[in-house]
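What the coordinates show
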Amino acid sequence: MKTVTIISANAEWRVMKELYPHLEIQNSPYGEFAEHTFDAQPVILFHGGWGKISAAASTQYVIDHFQPELIVNLGTCGGFEGSIERGTIILVEKTIVYDIIEQMSDPDEAIEYYSTEMDMSFLPRILPVPVLRGLLVSADRDIVSTDIPALIEKYNAVAADWESGAIAWVAKKNAIKCLILRGVTDLVNPQTGEAYGNYDLFSQRTKEVMRKLFDQLPKWQDAIESVARGYRGY
């Protein structure tokens, strides 16, 4: 299955280049990219950029330029303290872009328009690695501590990021399979976030999460290929 793996944030892409220092880096209008093989399966690694604008534009570019059958997004997210643990990997089944403020008509309708229910039928019944299946909320900002109670109450959210909502929305519009896996690097509570003002902590946790995700990527590829061949009991 022809696959492009999108890495969004700059810190995440730096870790990928540290893990695979011998890649032949090429350039696109949106960021660097390279070809790599995981367990004999070729993958294009693409730096999509941070935030919704870069994420949406680079996802469409990837689809138009490489014609993938599957888009994988590996990255990080912030978790809500008390709702999720550090290091948890989330298999994203739904995304909600929550930083839309509509004051002329129905705000819930506007939020719903950019929400994406993801088709997971290409995955096996038994997943290859332990993950938390669920919702991820996205916005063009770090988690604002005072927003957490409302995000939990309204969406039952446990974590948030910047790009997943845009990537999932564009992939679905193009009818492309999309696998989003995000690891929790740091926790935020209604008062503060442990990584706020502490970039070194975020950087170190990002290394841990991205290494874990790349270690697990071949297992996901094998599982998806098994389903494509008609075997669903993997």
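These figures come from a predicted structure and were not determined experimentally.

A word on the pairing of strand S3 (residues 32-38)
Across two bridges, the pairing between strand S2 (residues 26-27) and S3 is antiparallel. Each bridged residue has a counterpart across the sheet, and for Asn27 the counterpart in S3 is Glu32. Here S2 hands over to S3 after four residues, the two strands then running antiparallel side by side. Bridge count between S3 and strand S4 (residues 41-47): six bridges; the pairing is antiparallel. Bridge assignment links Glu35 to a residue of S4, and that residue is Ile44.

With respect to the packing of helix H1 (residues 10-19) against helix H6 (residues 199-228)
Where H1 meets H6, the closest approach of the two axes is 9 Å, and the angle between their N-to-C directions is 55°. The pairing of H1 with H6 is recorded here as oblique in orientation. Crossing hand, H1 versus H6: right-handed. Facing Ala11, Glu12, Arg14, Val15, Met16, Glu18 and Leu19 of H1, the residues of H6 in contact are Tyr199, Phe202, Thr206, Lys207, Met210, Arg211 and Phe214. Class assignment of the residues belonging to the contact of H1 with H6 gives a composition of eight nonpolar, one polar and five charged.

Definitions and limits used
- Residues numbered from 1 in each chain as written.
- Predicted model: local features only at pLDDT ≥ 70, side-chain atom pairs only at ≥ 80, totals over all residues.
- Heavy atoms only, no water.
- Pairing = 2+ DSSP bridges.
- Helix = DSSP H or I, 4+ residues; strand = E, 2+ residues; numbered from the N terminus.
- Axes fitted to C-alpha atoms, helices over the stretch in contact; angles between N-to-C directions.
- Parallel < 35°, antiparallel > 145°, perpendicular 65-115°, else oblique.
- Left-handed = near helix turned anticlockwise from the far one by under 90°.
- Contact = heavy atoms within 4.5 Å.
- Nonpolar A, V, L, I, M, F, W, Y, C, P; charged D, E, K, R; others polar.

So, to be careful, I would describe these as geometric facts and stop short of saying anything about function.
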